[in-house]
Amino acid sequence: MPELPEVETVRRRLEPALVGRTFVRVEISDPRLVRPLEPQEAAQALEGERVVAVRRRGKYLIVCFGSGRSLLIHLRMTGSLRHGPTGSLPDDPHRRAVVTLDDGTDVAYRDVRRFGTWTLLEARELDPYLSARLGAEPLTRTFTARALGTRLEGRRAPIKAALLDQRSLAGMGNIYVDEALWRAGIHPLRPAGELTPAELRRLHRSIRGALAAGIARQGATLRDYATPNGEPGTMQLELKVYGRAGERCPRCRTAIEKMRAGGRGTSFCPRCQPLTQERVRPATPTRS
Ligand SMILES: [Zn+2]
């Protein structure tokens, strides 16, 4: 499933292709994609729009138009975007929409499981829509260890569940949460509100480090994700614990285990990520 690094990679590749271009023709073949609008209605609304920016917030890709409107694209489980000269993209039974641009290129949207969404919003609707759904943006300057602590304060949920919750922190999913917790040496079932200031600092650094590594490697291709050129990312080769149950921890050589946390299959190192906090307890008292 595409997470922040995958969506950011798509954004960086699409931005130069889209900015300044006009949507000349829009074909939407899957009614689920644009609900509650009808496909024809959404296509008509999009035709003639000129792109002024391509932004990202959490796992949303935001195509901003000169009219002030924006198109929010969420890839969910298996959505992906391809860009190429009109007519050059191979036939695809899972293609759900095609946008023809005024420079003779197409942006095609493919989605096997069909959970992805295209949401067309008016200018005044964008901020309320996003702020109702998304918390802090982890790669911004305002996201500090202290800000992370504030988000987690008083929460009894396991840290794994708290980090998956898009309303506390936007953009992380199963892969990068497991990687960040391993980097930080924090057990996935630790209650989120009980992390010490030292652990919060480590976790903050680890979240940013794991996401930055993912972006640097153009994302992780485990199933359907590909860049808009159709190339895979390479982050899957660099994952330390995700998908590696039974293999040795790259740090301590203990076998990586898999368990259930936050309702998801979770990989962790039982030695580097102890549930009891003995190794770090003397450092600083837990906030009460
Ligand atoms: Zn280990």
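Relevant structure appears above.
Residues numbered from 1 in each chain as written. Predicted model: local features only at pLDDT ≥ 70, side-chain atom pairs only at ≥ 80, totals over all residues. Heavy atoms only, no water.

Engineer: Help me understand the environment of His-94, please; the structure alone is not making it clear to me.
Structural biologist: Within the secondary structure, His-94 is located in the loop between strand 5 (79–85) and strand 6 (95–101). Considering only alpha carbons, one finds His-94 and His-187, 93 residues apart in sequence, at a separation of 39 Å. Filtering out sequence-adjacent residues up to four positions away, His-94 remains in contact with Tyr-109, Arg-110, Asp-111 and Val-112. (Helix = DSSP H or I, 4+ residues; strand = E, 2+ residues; numbered from the N terminus. Contact = heavy atoms within 4.5 Å.)

Engineer: Please explain the side chain of Ser-70 as it appears in this structure.
Structural biologist: The topology assignment puts Ser-70 in strand 4 (residues 70–74). Non-local contacts of Ser-70, meaning those with residues more than four positions away in its chain, are made with Ile-62, Val-63, Cys-64, Phe-65, Thr-119, Leu-120, Leu-121 and Leu-126.

Engineer: Mind showing me how you'd approach the sheet that holds strand 3 (residues 60–65) here?
Structural biologist: Taken together, 4 strands build an open sheet; the order of strands is 2-3-4-8 and the sheet is antiparallel. Every other strand in the sheet has two partners, leaving strand 2 (51–57) and strand 8 (117–121) as the edge strands with one partner each. Within this sheet the neighbouring strands show an average axis-to-axis angle of 20°, counted without direction. Across 5 bridges, strand 3 lies against strand 4 in antiparallel orientation. In the strand pairing of strand 4, Tyr-60 is matched with His-74. The strands touched by helix 4 (residues 126–133) within the sheet are strand 2, strand 3, strand 4 and strand 8, with strand 3 carrying the most contacts at an inclination of about 170°. (Pairing = 2+ DSSP bridges. Axes fitted to C-alpha atoms, helices over the stretch in contact; angles between N-to-C directions.)

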